[in-house]
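Observations on the model geometry
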Amino acid sequence: MTDNPLRALPAIDTLLHDAAALVERYGRPAVVTALRTTLDQTRAKLRAGEAVPADQAAILDAAAIRLARDFQPTLRSVINATGIILHTNLGRAPLSDAAQAAITQAAANYSTLEYDLDAGKRGSRLTHPERALQAVTGAEAALVVNNNASAVLLILSALAHGREVIISRGQLIEIGGGFRIPDVLAQSGAHLVEVGTTNKTRLADFERALTPAAALLLRAHASNFKQIGFVEAPPLDGLAKLAHKHGALLIDDVGSGALLDTAVYGLDHEPTVQESLAAGADLVAFSGDKLLGAPQAGIIVGKAALIDKLKRHPLARAMRADKLCLAGLIATLDHYRKGEAVTHIPVWRMIAAPLDKLVATAQAWANEIGGGAAAQVIVGESLVGGGSLPGATLPTVLLALDVPNATDFAAKLRAADPPVIARVADRRVLFDPRTVLPAQAPILTKVLYDLYNS
Ligand SMILES: *Cc1c(COP(=O)(O)O)cnc(C)c1O
């Protein structure tokens, strides 16, 4: 056989000669690897008798596709059209412009992270967020760690190791991702003392358990579920008084870290950090990236003597927040100090979005994509999500697209660049304008237009 296609395969050097654009983009080693792999696969297919294109242009194209795929990051920006504001799978809270700018500054430059400008010597990274947290919560002291799970673990390890922690059976919760209060307790070396029943726990239940072995009472907010009906839990101020009377502490894991009242927006009232402190909790722990609207962080505020103990525990070093987190957190807290949280922090802007504005946006999208009768604006519900306000919904409007196969269409949306995450219900694809960031709206309508009219 003189026309053996294997022999006609181009050589690497020849291919590289015409791959300048790829080399420029991905670097020579990666391009060489991609060309080799493509050639190997083509050779194997030819040997197996498959008729595959094997000329220079085809090999280069295949290598280009392979490189694009290999270099596509798996952690990508997406458009969240689900209407779930704190979407746990989509990165929870998007940050404000000021928080983004602060993170960029901290990333690009040297900083005073652990440097005291007045003294000209070593300082502590813990002082920066502490000032801002004192200002917004009124707490004596504050400490920031990686996330709220580590905050709770640190508190229990530093204050209850080898002693007892009393908690209501109604609060032995799993937060998600396998974070279970009893397991964290076990890790900390504290002993769990369960009191009350699943649905009812009274002060007297706690009082009976408050022996000298008890280090603290732990209240864990039921962030992701709701008990209704025949339920009872003691008020926080009652728990605080009781704990203090017996020489124990009251620790409140409030979860979502609301600093503003969610009830103003027609939602249930999510316990605020300030209320917990006012009720007498010695320490309050919460997440940075839930209702606070900041980067991922675990925030502990409360009594200075206790915060001091936490700061000196070895785990505090292992769990310390990085400079990017601190920069973004402080910039976010400043929005609260300036009274501009609702207009500047995306999470709160979404919660507070007026219905008429959402209607106008959904209507504009329907017109822009030219869907005619198949693109309708319907009423629906948004969720706060992310382990806060379980089951609480905000009335919204949705763009509902009638397409031949909604599941297929949703898959195509996920394959778009940037990917669009939408809801599918009643064989329609639903888009909630509430969670689509303003800068992303034109991109969303372009993706929709292209897909819908293709
Ligand atoms: C979300 C949550 C946590 C975990 O917080 P992360 O910041 O995700 O680690 C712990 N406790 C409660 C009550 C929560 O709602």
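A short tour of the structure in this document, coming up. These numbers were taken from a predicted model, which means no experiment stands behind them. (Residues numbered from 1 in each chain as written. Predicted model: local features only at pLDDT ≥ 70, side-chain atom pairs only at ≥ 80, totals over all residues. Heavy atoms only, no water.)

**Examining the site of the ligand**
Inspection of the region around the ligand gives 13 residues, with Arg 92, Ser 223, Asp 253, Ser 287 and Lys 290 positioned closest. Between the ligand and Asn 148, the relevant distance is 3.0 Å, taken from an oxygen atom to a main-chain nitrogen or oxygen of the residue. Between the ligand and Lys 290 there is a distance of 2.7 Å, counted from an oxygen atom to a side-chain nitrogen or oxygen. Across the complex, the protein chains shield 93% of the 380 Å² of accessible surface that the ligand would expose by itself. Here the shell around the ligand is composed, by residue class, of three nonpolar, seven polar and three charged. (Near = heavy atom within 4 Å. Polar contact = N/O pair within 3.5 Å; in protein donor to acceptor, adjacent residues only side chain to side chain. Areas by Shrake-Rupley, 256 points an atom, 1.4 Å probe, with all protein chains shown as cover. Nonpolar A, V, L, I, M, F, W, Y, C, P; charged D, E, K, R; others polar.)

**Here's the deal with the packing of aromatic side chains**
Applying the stated criterion to the full structure yields two aromatic pairs. Over the aromatic face of Phe 230 sits the side chain of Lys 200, whose NZ or CZ is 3.8 Å from the ring centroid. (Phe/Tyr/Trp six-rings, centres within 6.5 Å; stacked < 30°, edge-to-face > 60°. Lys NZ or Arg CZ within 6 Å of the ring centre and 35° of its normal.)

**Some points on the sheet that holds strand S8 (residues 249–255)**
Strand order in this open sheet of seven strands is S4-S10-S9-S8-S7-S5-S6, and the pairing throughout is mixed. Of all the strands in the sheet, just strand S4 (141–145) and strand S6 (191–195) have a single pairing partner and so form its edges. In this sheet, neighbouring strand axes are inclined to one another by 20° on average, regardless of whether the strands run parallel or antiparallel. Sheet topology places strand S7 (residues 214–220) next to S8; five bridges connect them, and they run parallel. Pairing of Leu 217 across the sheet is with Leu 250, part of S8. Packed on one face of the sheet, helix H8 (residues 148–160) meets S4, strand S5 (164–168), S7, S8, strand S9 (283–287) and strand S10 (298–302) and runs near 155° to S9. (Pairing = 2+ DSSP bridges. Helix = DSSP H or I, 4+ residues; strand = E, 2+ residues; numbered from the N terminus. Axes fitted to C-alpha atoms, helices over the stretch in contact; angles between N-to-C directions. Contact = heavy atoms within 4.5 Å.)

**Observations regarding the pattern of salt bridges**
Applying the stated criterion to the full structure yields 20 salt bridges. Across the salt bridge formed by Asp 308 and Arg 312, the nearest N and O atoms sit 3.5 Å from each other. Residue Asp 308 and its partner Arg 312 are located together in helix H13 (residues 304–312), separated by four residues, close to a single helical turn. Given a relative accessible area of 60%, Arg 312 falls into the exposed group. The partner of Asp 432 in a salt bridge is Arg 423, with the nearest N and O atoms 3.9 Å apart. Judged by relative accessible area, Asp 432 falls into the buried class, the value being 0%. Overall, Arg 423 belongs to the partly exposed group, its relative accessible area being 28%. What emerges from the salt-bridge pattern is a single network uniting Glu 114, Arg 122, Arg 125 and Arg 320. (Salt bridge = Lys/Arg side-chain N within 4 Å of Asp/Glu carboxyl O. Buried < 20%, exposed > 50% of the residue type's maximum accessible area, 1.4 Å probe, protein only.)

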